[in-house]
Amino acid sequence: MKNKSPLSQIYLDANATTPVLPQAAEAALNSMKVLFGNPSSSHITGLKAKDLMEQTRLNAKKVIGADTGKVIFTSGATEGIQTAIISALVEAKKQIEADKLSATPPCYSLLYGATEHKAVPESLKHWNKILGINAEIKAIPVDTLGNLDKQFIAKEAPNALMICTMAVNNETGVFQDLAELDKVIRSANNDIFWMVDCVQALGKTSLNLANTTIDYAPFSGHKLYAPKGIGFVYIRQSAPFTPIIAGGGQESGLRSGTENLPGMAAINVIFEMLLNQQDSAFADIDILRGYQAQLVDTLRAVFPEVVFNHNFENSVPTTLNFAIAGFSSKEIMDLFDAANIRVSSGSACSSKVTRSFVLDAMGLPAWQSESAIRMSFGPAMTQAQVDEACARITSAAKALTHSCMILDSGEINEKQPLDGLVQLRSGSNCTWVYADQQSKQAFIIDPLPEINDRLDTLLQCQQLELVAIIDTHGHADHQSGRTFLADKHLPTQQTDALGWPQDCQQFSQLQYINIGKQWLVKVATPGHTDDSMSLLLCNPFDNEQDISQQCQFAFCGDTILMGSLGRTNFDSSSAASMFLSLKKLHSLIGDQTLICASHDYNNEFTTHLSAECARNLLLANTLNGSLNLTQFEVQKAQLDSHLCDQSGSEIMCGALTESQLTGQPIVEYNHQSLNYALQQENVTLIDIREPHEYALQHTEDSSENVPLTRLVQFIQQQQTQKHHKWVLVCRSGSRSLVAAQAMYRLGFDNVAHLKGGYALSS
């Protein structure tokens, strides 16, 4: 399965934005070419434009069930939110000024749902400060289903100036019972101002705002097939209003500025579809539930470990939020994007794992929050589109067999053979797997428990014999996954506490084990911890002086980190021992052997002593003899003083300073300049996406696929080609940039990357 033909786009990110329906686009274009008048003009062209605007306003009120109250057109939901909050707080400030005269003025608060879109709490904080309200801003907790805590509201609302909730959550699709909330809020405080974010509710659930006491409700057009830049806000008849844009007095003086007539023409088409189902492109709720069920069944079939992060009974049918055990959200995002399936993720291309604050507020396990994927579609979805989406999801999952990330139910014939080093990560933690394809032997260094299943799958898929599973030291920041894997693959092997096999070989004072025709050599390197050791993968040697020439990789744990040295302020640490260990390592591996650390805090993959000495003066002066032991201990303590361990945060195993982590200047191609270079120069294009991404779709120009997980092996193999012109490419350009920076730092002075990646190339 290797696809070189372009795949059609499957768009499943409707909660972010939607394409403009052809009918809406046509209406917008007509308003620009024919009904282009200014609604404020008194001539016929202007009157026609004004009539269109008022028709749109009337339809908007019908759609949201607002027989009374006002509808004002805005640029979108964010403006509507500002309008609501400013209007409420300006009025509330009058009450605050009056209350200051009382003997015991109350302590006021502003309430918002803990799962609200960030636009709401950030706007509350901003205007609370600007207007001098200085109320306490409180998040309303939610339960595991995402429902707001009504007891909390009943308790806090009496002293609250404003409460902000949402009709439908943008991440999970969870809807709130507005009628029940209405009772709770008004029983506690009849005068509190209530805003409901209705952005994700339009077209997905019925609204009847006139039958509620909701004061403000912002809406956005681009979430439901209208253009960006058009929205509206509902204002209850009795609710106060403060214009936030003054000027020509448009919108009856409530929102100045020439009206966005093309946007209104487009959104009016959407309103008419919502009001006239027979002539609508929109499916009814039962059909949408069927589409949701089909997608759910497909995900469960191809990803048996999938977990859905919300209950379907209290969420709209157009949103699915899920996590797949053993996969980060970025991995699934990259997989789907390679298959031309557009979904949304909470993670960025960073060593820092980002989480969903919505799922955290719901109290879901951390891994679900970190691995969350949102799949959303709109009511204009068709059965044909759902069928195509399910087929594409199935083919995307099957592509994972190329990377041995899942086991195929049948025989795996197209997996990419593993021969050499693989770097697997969880956050900044690194696990290293080395496989010798000829002997089918492998070892694992610093196994992480969260990727145990992936490691087990990799061994089975590649049909590898595991020789050893070894920790370079006892880890303070995480548990080892070694026991799980050893019990399954090496149940009878006798080892020391870190997994070093007792039946090892001896050369002089060094112990080693065989891996194919190579040796994995153990070197005690205490310092970071008293049990720290380094493992050197070498070709066989006749004496210790030859090791630097024969050594390919040095697995040094946290003794040497990219941009730093391992911390030595644990109870089991010794700066004096580290001083001696650094000198020992230098004597054995020299300046150019690639160092594979237990942590990669800055996406640098690997390093060598030459590169580290160029930016780490403490290390350089230690190895060149400028520092004695006492001086090293003093300066090492100063370095460790930059560490800041906080309860609940990641324990850093080495202190990083900004001066040591400056980025490298990298040549960036766009697709035009790259095409020219490929035709005119001796340039090699390297696709650094993972094998499953590459298999789903790649170009003929890609001469080689070097997955980012195997970049360190590639760097080692190309040590004699450092001046060659390499151009790295990935999906978006983010991975290729950090990979190119890593290679440049190690002497690859002609490495470049494709800015914007495949996403922006033709």
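Only a predicted model underlies this, so the values are computations on that prediction, with no experimental measurement involved. Sequence order as written defines residue numbering, which begins from 1 separately in each chain. Given that the model is predicted, a residue must reach a pLDDT of at least 70 before its local features are reported, and side-chain atom pairs must reach 80 or more before they are shown or counted; all residues, however, enter totals for whole chains, interfaces and linings. Values reported for side chains reflect all heavy atoms of the structure, with hydrogen atoms and water molecules removed beforehand.

Participant: In this structure, what is going on with the overall build of the protein chain? I would like to understand it.
Facilitator: Looking only at helices and strands, the protein chain has 23 helices and 30 strands in total. Taken against the 2.2 N^0.38 rule, which gives 27 Å for 762 residues, the C-alpha radius of gyration of the protein chain at 31 Å falls within 12% of a compact globule. Projecting the C-alpha coordinates of the protein chain onto the three principal axes gives extents of approximately 95 × 70 × 50 Å. For every residue, the accessible area (1.4 Å probe, protein chains only) is compared with the maximum for its type, and the residue is labelled buried under 20%, exposed over 50%, or partly exposed between those bounds. Out of the 762 residues belonging to the protein chain, those deemed buried represent 57%. Long-range pairs, those at least 24 residues apart, make up 68% of the contacts in the protein chain with a sequence separation of at least 6. Accessible area of the protein chain: about 31,100 Å², with a carbon and sulfur share of 49%. Runs of E in the DSSP output that reach at least two residues are strands. Runs of H or I that reach at least four are helices, and both are numbered from the N terminus. Note on method: radius of gyration uses C-alpha positions; expected globular size equals 2.2 Å times residues raised to 0.38. Contact definition: two residues touch when any of their heavy atoms are within 4.5 Å. Computed with the Shrake-Rupley method and a 1.4 Å probe, the accessible areas treat only the protein chains shown as cover for residues.

Participant: Explain the state of the cysteines to me, please; I cannot follow it from the model alone.
Facilitator: Any two cysteine sulfur atoms within 2.5 Å of one another count as a disulfide. Counted according to the given criterion, the structure contains one disulfide. Free cysteine: Cys 198, not disulfide-bonded; nearest cysteine sulfur from Cys 164 at 12 Å.

Participant: I'm lost on the sheet that holds strand 18 (residues 505–507) in this one. Help?
Facilitator: Each strand in a sheet pairs with another by means of backbone hydrogen bonds, the pair being arranged parallel or else antiparallel. The mixed open sheet is built from six strands, whose spatial order is 18-19-20-21-22-25. Each having just a single partner strand, strand 18 and strand 25 (594–597) make up the two edges of the open sheet. When strand polarity is set aside, the average angle formed by the axes of neighbouring strands in this sheet is 30°. For strand 21 (residues 533–538) and strand 22 (residues 551–557), the ladder comprises four bridges, and the chain directions are antiparallel. Bridging across to strand 22, Leu 535 finds its partner in Phe 555. Packing against the sheet, helix 16 (residues 575–589) makes contact with strand 20 (518–524), strand 21, strand 22 and strand 25, and its axis sits at approximately 0° to strand 21. The pairing criterion for strands is at least two bridges between them, as found by DSSP. Lines fitted to C-alpha atoms define the axes, with helix axes restricted to the stretch in contact, and inter-axis angles between N-to-C directions lie between 0 and 180 degrees.

Participant: I would appreciate a short explanation of the pairing of strand 25 in the present structure.
Facilitator: Regular strands show a simple pattern: their side chains alternate between the two faces of the sheet. The side-chain alternation of strand 25 yields two buried faces, one formed by Leu 594 and Cys 596 and the other by Ile 595 and Ala 597. Relative to strand 25, strand 22 runs parallel, the two sharing four bridges. Looking at strand 25, one finds that Phe 555 is bridged to Cys 596.

Participant: Even after reading the chapter, I still don't get the pairing of strand 6 (residues 193–197), so can you show me in this structure?
Facilitator: Judged by how many residues are buried, strand 6 sits mostly within the fold: five of five residues are covered. Burial along strand 6 is two-sided: Phe 193, Met 195 and Asp 197 and Trp 194 and Val 196, pointing in opposite directions, are all buried. Where strand 5 (residues 160–166) meets strand 6, five bridges bridge the pair, whose relative direction is parallel. Residue pairing in the sheet places Cys 164 in a bridge with Met 195 of strand 6. Orient the strands so they point away from the viewer, and a crossover whose first-strand-to-second-strand path over the helix runs clockwise is right-handed. With helix 6 (residues 178–188) bridging strand 5 and its parallel neighbour strand 6, the resulting β-α-β unit is right-handed.

Participant: What exactly am I supposed to notice about the packing of helix 2 (residues 44–63) against helix 7 (residues 261–275) here?
Facilitator: Each pair of packed helices can be described by the angle between their axes along with the distance between the axes. With their axes 9 Å apart at the nearest point, helix 2 and helix 7 run at an angle of 40° to one another. Viewed along their axes, helix 2 and helix 7 adopt a mutual orientation that is oblique. Considering the relative orientation of helix 2 and helix 7, their crossing is left-handed. Taking contact as the criterion, the partners of Ala 49, Leu 52, Met 53, Gln 55, Thr 56, Asn 59, Ala 60, Lys 62 and Val 63 in helix 2 are, on helix 7, Leu 261, Met 264, Ala 265, Ile 267, Asn 268, Phe 271, Glu 272, Leu 274 and Leu 275. Ten residue types, Ala, Val, Leu, Ile, Met, Phe, Trp, Tyr, Cys and Pro, are classed as nonpolar, four, Asp, Glu, Lys and Arg, as charged, and the remainder, Gly among them, as polar. Each residue belonging to the contact of helix 2 with helix 7 can be placed in one class, and the counts come to 12 nonpolar, four polar and two charged. Throughout, the term roughly parallel applies to angles under 35 degrees, roughly antiparallel to angles over 145, roughly perpendicular to angles from 65 to 115, and oblique to all others. We call a crossing left-handed when the near helix sits turned anticlockwise from the far one by less than a right angle, and right-handed when that turn is clockwise.

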